[in-house]
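Results of the structural survey
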Amino acid sequence: MDAPLPLAEDFEIPSRADWMALVEKTLKGETFDAALVTRTQGGLPIQPLYVADGTAPIGRDLSERDPDRPWDLRTHIVQPDLAKANADILRDLEGGAASVLITLDPTAQAGVAIGSPEALTRLLEGVLIDLAPVALDAGFLGPKAADWLGAAAKSAPNAPLAFHLDPLSAFAETGASPGPVESHIISAATVAARLATTYPKASLFLASGQVAHEAGASEAQELAVMAASALAYAKALVRAGLSMEDAFKGIVIGLAVDGEYFVGVAKLRAARAVWDRITAACGVSVPARIEARSSRRMLTRLDPWTNLLRLTAAGFAAAVGGAQSIVLGTFTDAIGRPTEFARRQARNTQLVLMEEAHLGQVADPAGGAWYLDQLTEALAKAAWTEFQAIEAAGGIVAALSSGLIAGKVAESREAILASGRKVLGVTVFRNPDEKPVEVDTTPGAPVEAPSVRLPGPDGHCPLLTPIRLSADLEA
């Protein structure tokens, strides 16, 4: 046939008023908002029906992605024992991971016990650093760890390193800085500018909103913290000698994704809109690069197998939303360190989304959805309002130090906790015969590390304490 059959031409195009008239017959006295409008965790309304309203799409053409490897599958290493952590890295890379995120913790409590360049070199033994990107999560130790990673890469100019300097997240999560937090930002920018000359393909700073998310922030608050951090880091890099364009090129956006996959897709899209507006205001045009990490606050201790569903939804949101790198946690993270089985599940979840669901085969899988376009715009507008409030307070450091951000996050957290949540495997379909799952119990030994203290008085802020949304329901 030369043309499709016009099956709908004999039907009138219904209006929203026609639809509302039918809906009102079914409400039986309830209001439309109470019966049919739901809300995101941050309080933004989600309508039961969306139509074209003139909203400009804020999607992204993802056609430049390799359809066979559309995003960077990044494995997260937190094993404190150096030899075992090295084995985990090599096993994950052989099992399908493309890059590595290493959390450094000389105390051996929350990451690999590393306190020297020699230890980091031993950790990366057997890793082809010029091919497999290595990212760091080192808190206030970041500038020194970046130098260690730079030394381990042996000045290979094509090494795709991710130094991920992020003193602001460390400040917010611990509530203090050893010396002025402004000095830590300056120190990190100085090291980053120096390393950028040797490693032009490296990313320098991670501007993350995840620390706010994990403490209970709304989607808009998380985006605002990310945006304010990015602006602070860009200014520091410019003061360290980089051009404005190179400064923004050296920054990666960090966001959390959880089981609310439509909201996750819209959040990543909104992040690009906010980023584009900031960079345009600074006179440059630099595309956003996003590292999405799965939410820890969504994970449950009871029936942890249900976390596999949440993590799959998070990975889907990150992939469809266009994240360049995706870090999925393991289903046992709320209980303890993962075993090899749990790590394999985390890798394979992404591999299935990539190689069997073929999410990289479509230029923009979410393109054309009125719901997502309008939710993206609403998130971007709400985030911009929150970002302006942070900047009006003097910027991200001042907003953290004064308690402005902590206060708003606390309000959001209380609203979420009071919303009458139902949690799969906890309050819904709870397993009466639950058996404990295996976790890794390898002990870690603390190591000596160089001091991270800088001259001047310590910085202080109300800390953003991580939560788990199901904790009170599991008690």
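Here is what the cut-offs are and how they apply
- Residues numbered from 1 in each chain as written.
- Predicted model: local features only at pLDDT ≥ 70, side-chain atom pairs only at ≥ 80, totals over all residues.
- Heavy atoms only, no water.
- 1 Å grid on protein atoms, 1.4 Å probe; cavity = no way out; pocket = protein on both sides within 12 Å on 5 of 7 lines; lining within 4 Å.
- Points joined across faces, edges and corners; volume = space filled by probe spheres on them.
- Helix = DSSP H or I, 4+ residues; strand = E, 2+ residues; numbered from the N terminus.
- Nonpolar A, V, L, I, M, F, W, Y, C, P; charged D, E, K, R; others polar.
- Buried < 20%, exposed > 50% of the residue type's maximum accessible area, 1.4 Å probe, protein only.
- UniProt positions renumbered as here; feature names shortened; annotations may be inferred.
- Core = buried A, V, L, I, M, F, W, Y, C linked by side-chain atoms within 4.5 Å.
- Contact = heavy atoms within 4.5 Å.

As recorded in an unreviewed UniProt entry, the protein chain goes by the name Methylmalonyl-CoA mutase, listed as coming from Caulobacter ginsengisoli.

1. Here we look at the layout of surface pockets
Space inside the second largest pocket adds up to approximately 960 Å³. Lining the second largest pocket are 39 residues; nearest its centre among them are Q41, E260, R421, K422 and L469. Sorting the residues of the lining of the second largest pocket by element identifies β1 (38-39), α9 (219-239), α11 (261-281), α12 (307-321) and α16 (404-417) as the ones contributing at least two each. Examining the composition of the lining of the second largest pocket, we find that five residues originate from one element, α11, more than from any other. Residue classes in the lining of the second largest pocket are distributed as 14 nonpolar, 15 polar and ten charged.

2. Comments concerning the environment of G126
Position of G126 relative to the elements: it lies in the loop between α4 (117-123) and β5 (134-137). Since its relative accessible area comes to 63%, G126 is described here as exposed.

3. Some details on the UniProt feature "domain: Methylmalonyl-CoA mutase alpha/beta chain catalytic" (unreviewed entry) in the protein chain
The sites that carry the UniProt feature "domain: Methylmalonyl-CoA mutase alpha/beta chain catalytic" (unreviewed entry) are, in the present numbering, residues 109-443. For the annotated span residues 109-443, helix accounts for 51% and strand for 9% of the residues, and the straight-line distance between the end C-alpha atoms is 9 Å.

4. A few points about empty space enclosed by the protein
Throughout the structure, instances matching the rule amount to three cavities of 30 Å³ or more. The computed volume of the largest cavity comes to approximately 80 Å³. Q221, A224, V225, E386, A389, I390, L404, I405, K408 and V409 together form the lining of the largest cavity. At the level of elements, α9, α14 (370-392) and α16 are the ones that each hand at least two residues to the lining of the largest cavity. When residues of the lining of the largest cavity are assigned to their parent elements, the largest contribution, four residues, is made by α16. Split into classes, the residues belonging to the lining of the largest cavity amount to seven nonpolar, one polar and two charged.

5. Here's the deal with the nonpolar core
L124, F163, F205, I251 and I396 are the most contacted members of the largest nonpolar core, which has 132 residues in total. Per element, the largest residue contribution to this core is 14 residues, and it comes from α9. For F163, the contacting residues outside a window of four places in its chain are L136, A146, L149, G150, L195, Y199, A202, S203 and L204. Counting five residues, the second largest nonpolar core, distinct from the first, contains V23, L27, F32 and V37.

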